[in-house]
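Read off the chains here:
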Protein chains: 2
Amino acid sequence: MNRLVVTVIAAAAALTSLSAAAQFQKPEDAIKYRQSAMTVMGNHLGRVAAMVQGRVPFDAKVAAENAAIVVTMSKLPWVAFGEGTDKGMPTRAKPEIWKDQARFKDLENKMMTEAEKLEAAAKTGNLDNIKSALGPLGRACKSCHDDFRNEKYSN
Amino acid sequence: MNRLVVTVIAAAAALTSLSAAAQFQKPEDAIKYRQSAMTVMGNHLGRVAAMVQGRVPFDAKVAAENAAIVVTMSKLPWVAFGEGTDKGMPTRAKPEIWKDQARFKDLENKMMTEAEKLEAAAKTGNLDNIKSALGPLGRACKSCHDDFRNEKYSN
């Protein structure tokens, strides 16, 4: 790959992290990344929830597509909660994340598992199945947010 | 689905958009979402680029996983560039996006196509194939950023 193309990619990407050794060069890269992954996940989970709540018409294909994105996103944020990423830009991450890694990890896993169950339910094309899977996933989100996410962003 | 669970999900999600009719309730929801999708896409593209550039050891499985995430993310931002989302929170989106929708759409499609080619290349497990696919994708990113993205965020 020639130097020009490498430069083009580096410039074009202009990204959060083109880090070599580390996935994130700076704590703020990690914080921005995990917040972004959560934002995207939340949006797509919200689209499924809107169907379950009857606020938008149920469309099995759209529900399944959104659930699949939720699963993809559910796997991403965790690597960005490394040591030293408790500050660097405004964050709602509580210090408890780094004090109780075992519980944080348990709740990560719980959420990922419930997201996969939602995707499986969505693949059946049956709204009742999706409803049944959405509750446990919502509770998994909430239990982690309750313990590990502040109401307000740090400065 | 009972009211408690609905409330739990609404609270747990605490998301950018649980919008009913519209995917995004407010312009800032759309802007935050598209910026988040770009951030996640950029991070994972950066991980592939780091291997191509020799800054991290090549791992075919990891490259393929990251390329797959790039493809998923490449499809997401566009719906969030609706009319009226030119402001609402700091954004680098140029007004040209809404003045030349045909070209913007062309560049979207080009990027998505090149992302799929990168994924296909990554699936071969061959670093040279990945190198060959990364250049055109990088240029697709850059051509759109050149025309439609400002250097600085608006206030």
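All values reported here derive from a predicted model rather than from experimental measurement.

Caption draft 1: A look at the overall build of chain A. Tallying secondary structure elements over chain A gives six helices and zero strands in all. Its helices and strands taken in sequence order, chain A reads α-α-α-α-α-α from the N to the C terminus. For chain A, the proportion of its 155 residues judged to be buried stands at 48%. Expressed as a percentage of contacts within chain A between residues at least 6 apart in sequence, the contacts between residues at least 24 apart total 74%.

Caption draft 2: How the structure looks around the nonpolar core. In terms of nonpolar packing, the biggest core is built from 84 residues, with Met73, Leu118 and Leu137 of chain A together with Met73, Leu118 and Leu137 of chain B touching the most fellow members. Look past the residues within four positions of Met73 of chain A in its chain and what remains in contact with it is Ala37, Val40 and Met41 of chain A together with Val40 and Met73 of chain B.

Caption draft 3: Representation of helix H6 (residues 127–148) of chain B. All names here are of chain B. Helix length check: H6 (22 residues) gives 31 Å between terminal C-alpha atoms against 32 Å at 1.5 Å per residue, within 8%. Buried residues of H6: Ile130, Ala133, Leu134, Gly135, Leu137, Gly138, Ala140, Cys141, Cys144, His145 and Phe148, and no others. Near the N-terminus of H6, the side chain that reaches the backbone nitrogen of Asp128, with its oxygen 2.7 Å away, is that of Asn126.

Caption draft 4: The arrangement of the packing of helix H2 (residues 27–52) of chain A against helix H2 (residues 27–52) of chain B in detail. Look at H2 of chain A against H2 of chain B: their axes get within 8 Å of each other, and the N-to-C directions meet at 125°. In this view, H2 of chain A runs oblique relative to H2 of chain B, as classed from their interaxial angle. The two elements H2 of chain A and H2 of chain B cross, and the hand of that crossing is left-handed. Listed contacts from H2 of chain B to Lys32, Tyr33, Ser36, Ala37, Thr39, Val40, Asn43, His44 and Arg47 of chain A of H2 of chain A are Lys32, Tyr33, Ser36, Ala37, Thr39, Val40, Asn43, His44 and Arg47 of chain B.

Caption draft 5: Molecular detail of the confidence of the model for chain A. Taken residue by residue, chain A gives an average pLDDT of 89. The fraction at 70 or more is 86%. Interface scoring of the predicted complex returns ipTM 0.87; its pTM is 0.88.

Caption draft 6: Structural view of the packing of H2 of chain B against helix H3 (residues 60–74) of chain B. Residue and element names in this part refer to chain B. Following both chains from N to C, one finds H2 and H3 inclined at 150°, their axes separated by 9 Å at the closest point. Taken together, H2 and H3 sit at an angle that is classed as roughly antiparallel. Helix-helix and strand crossings are classified by hand; for H2 and H3 the assignment is left-handed. Contact with H2, carried on its side by Ala37, Val40, Met41, His44, Leu45, Arg47, Val48 and Met51, involves Val62, Ala63, Asn66, Ala67, Ile69, Val70, Met73 and Ser74 of H3 and no other residues of that element. Class assignment of the residues belonging to the contact of H2 with H3 gives a composition of 12 nonpolar, three polar and one charged.

Caption draft 7: Fine view of the side chain of Asn43 of chain A. Position of Asn43 of chain A among the secondary structure elements: in helix H2. Given a relative accessible area of 0%, Asn43 of chain A falls into the buried group.

Caption draft 8: Molecular detail of the environment of Phe81 of chain A. All names here are of chain A. Note that Phe81 resides in the loop between helix H3 (60–74) and helix H4 (96–99). Relative accessible area serves as the criterion here: at 11%, Phe81 is assigned to the buried category. When the C-alpha atoms of Phe81 and Arg92 are compared, they prove to be 12 Å apart, with 11 residues separating the residues in sequence. When neighbours within four sequence positions are excluded, Phe81 is seen to be in contact with Arg34, Met38, Ala93, Ile97, Trp98 and Phe104.

How each quantity is defined
Residues numbered from 1 in each chain as written. Chains lettered and ligands numbered in written order. Predicted model: local features only at pLDDT ≥ 70, side-chain atom pairs only at ≥ 80, totals over all residues. Heavy atoms only, no water. Helix = DSSP H or I, 4+ residues; strand = E, 2+ residues; numbered from the N terminus. Buried < 20%, exposed > 50% of the residue type's maximum accessible area, 1.4 Å probe, protein only. Contact = heavy atoms within 4.5 Å. Core = buried A, V, L, I, M, F, W, Y, C linked by side-chain atoms within 4.5 Å. Expected span 1.5 Å × (residues − 1). Polar contact = N/O pair within 3.5 Å; in protein donor to acceptor, adjacent residues only side chain to side chain. Axes fitted to C-alpha atoms, helices over the stretch in contact; angles between N-to-C directions. Parallel < 35°, antiparallel > 145°, perpendicular 65-115°, else oblique. Left-handed = near helix turned anticlockwise from the far one by under 90°. pLDDT = per-residue confidence, 0-100. Nonpolar A, V, L, I, M, F, W, Y, C, P; charged D, E, K, R; others polar.

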